[in-house]
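Here's the letter readout for the chains.
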Amino acid sequence: MSDTDGKKTLGLRGSRPGQVKQSFSHGRTKNVVVETKRKRVVVPKPGAAAAKPAAPAAKAPAPSDSSKRPAGISDAEMERRMKALAAAKAAEAEEAEKRAADEKSRAEERERRRAEAEAKEREEKEREERARAKAEEDERRKREAEEAKARAAEPAPKAAEPAPNRGGAGKPAPRGRERDDRDRRQDQRGKGGGRDGGRRAGKLTLNQALAGGEGGRQKSLAAMKRKQERARQKALGGSAEREKVVREVQLPEAIVVSELANRMSEKVADVVKALMTNGIMATQNQTIDADTAELIIEEFGHNVQRVSDSDVEDVIDSVEDADEDLVARPPVITVMGHVDHGKTSLLDAIRNAKVVAGEAGGITQHIGAYQVDQDGAKLTFLDTPGHAAFTSMRARGAQVTDIVVLVVAADDAVMPQTIEAINHAKAAEVPMIVAINKIDRPDANPDKVRTDLLQHEVIVEKMSGEVQDVEVSAINGTGLEELLESIALQSEILELKANPDRAASGAVIEAQLDVGRGPVATVLVQNGTLRQGDIFVVGEQWGRVRAMENDKGERVKEAGPSVPVEVLGLNGTPEAGDVLNVVETEAQAREIAEYRENAAKDKRAAAGAATTLEQLMANAKADENVSELPILVKADVQGSAEAIVQAMEKIGNEEVRVRVLHSGVGAITESDIGLAEASGAPVMGFNVRANAPARNSANQKGVEIRYYSVIYDLVDDVKAAASGLLSAEVRENFIGYAEIKEVFKVSGVGKVAGCLVTEGVARRSAGVRLLRDDVVIHEGTLKTLKRFKDEVPEVQSGQECGMAFENYDDIRQGDVIEIFEREEVERSLT
């Protein structure tokens, strides 16, 4: 079948026919007839062209001219087509303008980049020229220096002759060359060069910053000086390399990488690189162990000196004093004994003071340190409390003393705290003098005191022993001279000496936080001389002696051995019993205090961490049925707070105990109230008061604050409060017995026992036990108690009654019913 198939081809009017060959797969082709219609151009008539300005919208031929209009198109359609054509032409013109603008901007951008590249290239060339000019200038200066050196080496006559190569009339030529060199240097200085261009180049100008020149970090003046020094040494023939300095590097148990580099005076980057070479990836802020640090130190060629953290205390002077440096010092006498045996009154009689009147309740609750002049010789007395709660205070007094005066009342003999004082004196290995006080009393019996002391291996001189004993009366002043003579004799036997010309050391007898003066410590100087301005460390605290006061409240500039003083200037309140040592610098004191604080913290953490999980579970199970009374304690001095805490730990039993949440020295503050509110605890203030914000906070939060001045009252109140947590004790009182004679079955009730009350009384409200062959088989309550047919509250002995048990029917004839009542009895801690 042919392409035309004998048929006439369809076509369009006014078109031009043509053929297009189409190609398909597998080599197939096909000829297709394509007709292209020519565009019809509409030419308006001359009349329509003249009318065009009056009617701009009528671009198309007039509607009446139907000969030029395509067939089948109305006037409205023709007008729409013409409008669309005009809009298309306008859009095409706008697009052309936009393309032209974009092309122009791109051309400008290319031009700007080309200008920047040229400017940068020009600037690089200028920089190279400056560098080349600088090199030439350096070379010229070097050449001139060599020529000057050569001229200096020539003989004097030759130096006066003109050089043959200078030409001309001698001097004018060098002057011209110098002028040229000066002009060249000025040109180079204008471009940023010059003789000191390296140093001046460090100043960045605005033009350099905008031009993007040598910006960034510039060399400092010190770096430029070092560079010039190296160049000068090199020019003089010296070695430019600095000699290696071998250092002694102190190496603790662990050290930070940056600190290790600092101690070796090496760069941190070099140390980190050395660590990486050894396979250790560590930054400058990480800690490495001592063995690794030792390898690095040896690699850098330094010497290692191993030290430990405890070496910081080596600065404390602990050398033995030479015999020629020792001088006699006053003895330290501690007065000990049972409470109310007259220790402070005896000391008052010696000092002619009235200390007892100032103590609350007439009992001593602080360690008092005093100094007394006795016939030109000084005696230092320490007065300790006798109450049972102040055990640690008495122990401290015995540790720092030379002689113990044991005060025993003649009318009371040996008491518990007397025995404790004897044990403290024996433990401290100090001699003892027995003062038998209150011999003015009618019922005084000194011989009984001496006999009682024999039971505790204290044999007085009147009993053929070695311990001195003196009968005294603090009220009448009897026997005081004999007591002081005994003390003087004992001190002569001891030959007490100390070196006053060394760094001071002493013991803290008492410490407190004073509102106006800050932390205050009562220190007994034991060796050396403590002076105002000395830097010291005491326990975990350190400070500088700002001021010192003696026992009379007078300011003193220095305190020698065996002198008690109050020291001001601490950074915190030390613990009573801490040792004070004077050091050279404040840094040493701070370092020692920080080490001791960290060591104490680690010790507390280790004590807590040593507990295993099984122990924790066992403790939790043991404490499950234990009631706790939490309290907060604030006292005036450290010793009193310590004594109160120890007394609180002794209160309680297996059911209840007292837990001290916090104890401290000083006034009650707002933070104490916050802690008490969180734990529901009362605040106990011993000789201190709460400040105004703390009182307001306590009133708002409902926290109870109690004030005490006598330790007896505080201990008794806490003991009473803890007793309130004890569960009441239940006691059973047997009120009667009944024997079952007969058992009846009653409908609706069950089994009813016909009983005879054989002893006491049977009550309806009482508890009952059913005994069969003297064995308890049931315990419960009565459901009914009847006499004849009436319900009665009780039945007396010898009468018959009917009883029915609550929820129990297994009753037999001959069983015995035991009747009892329960009562609750309040318990208290003894």
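Before going into details, it helps to say that this report is about the structure given with it. (Residues numbered from 1 in each chain as written. Predicted model: local features only at pLDDT ≥ 70, side-chain atom pairs only at ≥ 80, totals over all residues. Heavy atoms only, no water.)

### Some words on the pairing of strand β30 (residues 767-772)
Right, on to step 1. Burial within β30 is extensive, with six of its six residues counted as buried.
Right, on to step 2. Neither face of β30 is exposed, since Gly767, Arg769 and Leu771 on one face and Val768, Leu770 and Arg772 on the opposite face are all buried.
Right, on to step 3. As consecutive antiparallel partners, β30 and strand β31 (residues 775-787) are separated by two residues, and within that stretch Asp773 has a phi angle of approximately 60 degrees, a positive value. (Buried < 20%, exposed > 50% of the residue type's maximum accessible area, 1.4 Å probe, protein only. Helix = DSSP H or I, 4+ residues; strand = E, 2+ residues; numbered from the N terminus. Pairing = 2+ DSSP bridges.)

### Considerations on a negative patch on the surface
Right, on to step 1. Residues Glu540, Glu575, Glu591, Glu594 and Glu597 make up a contiguous surface patch of negative charge.
Right, on to step 2. With respect to the helices and strands, the residue Glu591 is situated in helix α16 (residues 586-609). (Patch = residues over 30% accessible without salt bridge, like charges linked within 9 Å, V, L, I, M, F, W, Y side chains within 5 Å. Areas by Shrake-Rupley, 256 points an atom, 1.4 Å probe, with all protein chains shown as cover. Salt bridge = Lys/Arg side-chain N within 4 Å of Asp/Glu carboxyl O. Lys, Arg positive; Asp, Glu negative; His and termini not counted. Charge placed at Lys NZ, Arg CZ, Asp CG, Glu CD.)

### Comments concerning helix α21 (residues 711-723)
Right, on to step 1. Here α21 is 13 residues long and its end C-alpha atoms lie 18 Å apart, about the 18 Å a rise of 1.5 Å per residue gives.
Right, on to step 2. Among the residues making up α21, those that are buried are Ile711, Leu714, Val715, Val718, Ala722 and Ser723. Projection of α21 onto a plane perpendicular to its axis shows the buried side chains occupying an angular sector of 165 degrees, all on one side.
Right, on to step 3. The elements touched by buried residues of α21 are β24 (627-635), α18 (638-649), β25 (656-665), β26 (683-686) and β27 (705-708). (Expected span 1.5 Å × (residues − 1). Arc of directions from axis to C-beta. Contact = heavy atoms within 4.5 Å.)

### Considerations on the sheet that holds β24
Right, on to step 1. One open sheet accounts for four strands, arranged β25-β24-β26-β27; its pairing is parallel. The two strands at the open ends of the sheet, each matched to only one other strand, are β25 and β27. Strand-to-strand, the axes of this sheet are offset by a mean angle of 25 degrees, without reference to chain direction.
Right, on to step 2. In terms of strand pairing, β24 meets β26 through four bridges, oriented parallel. Residue Ala635 lies in a different strand from β26, and its bridge partner there is Phe686.
Right, on to step 3. In the packing of α18 onto the sheet, contacts are made with β24, β25 and β26, and the angle to β25 comes to roughly 170 degrees.
Right, on to step 4. In the packing of helix α19 (residues 670-679) onto the sheet, contacts are made with β24, β25, β26 and β27, and the angle to β24 comes to roughly 175 degrees. (Axes fitted to C-alpha atoms, helices over the stretch in contact; angles between N-to-C directions.)

### Considerations on a positive patch on the surface
Right, on to step 1. On the surface, Lys134, Lys219, Arg226, Lys227 and Arg230 cluster together into a patch of positive charge.
Right, on to step 2. Top contributing element to the positive patch by residue count: helix α7 (residues 221-235), with three residues.
Right, on to step 3. Inspection of the secondary structure assignment puts Lys227 in helix α7.

### A short note on helix α14 (residues 446-454)
Right, on to step 1. Three or more residues of α14 are buried, namely Pro446, Val449, Arg450, Asp452 and Leu453. Mapping the buried residues of α14 onto a view down its axis gives an arc of 165 degrees, with all of them on the same face.
Right, on to step 2. On its buried side, α14 packs onto β11 (403-409), α13 (416-428), β12 (432-437) and β13 (468-471).

### As for a nonpolar patch on the surface
Right, on to step 1. On the surface, a cluster of nonpolar side chains totalling about 220 Å² of accessible area is made up of Leu454, Ile459 and Met463.
Right, on to step 2. Looking at the element boundaries, Ile459 is found in the loop between α14 and β13.
Right, on to step 3. On the basis of relative accessibility, which here comes to 38%, the residue Ile459 falls in the partly exposed class.

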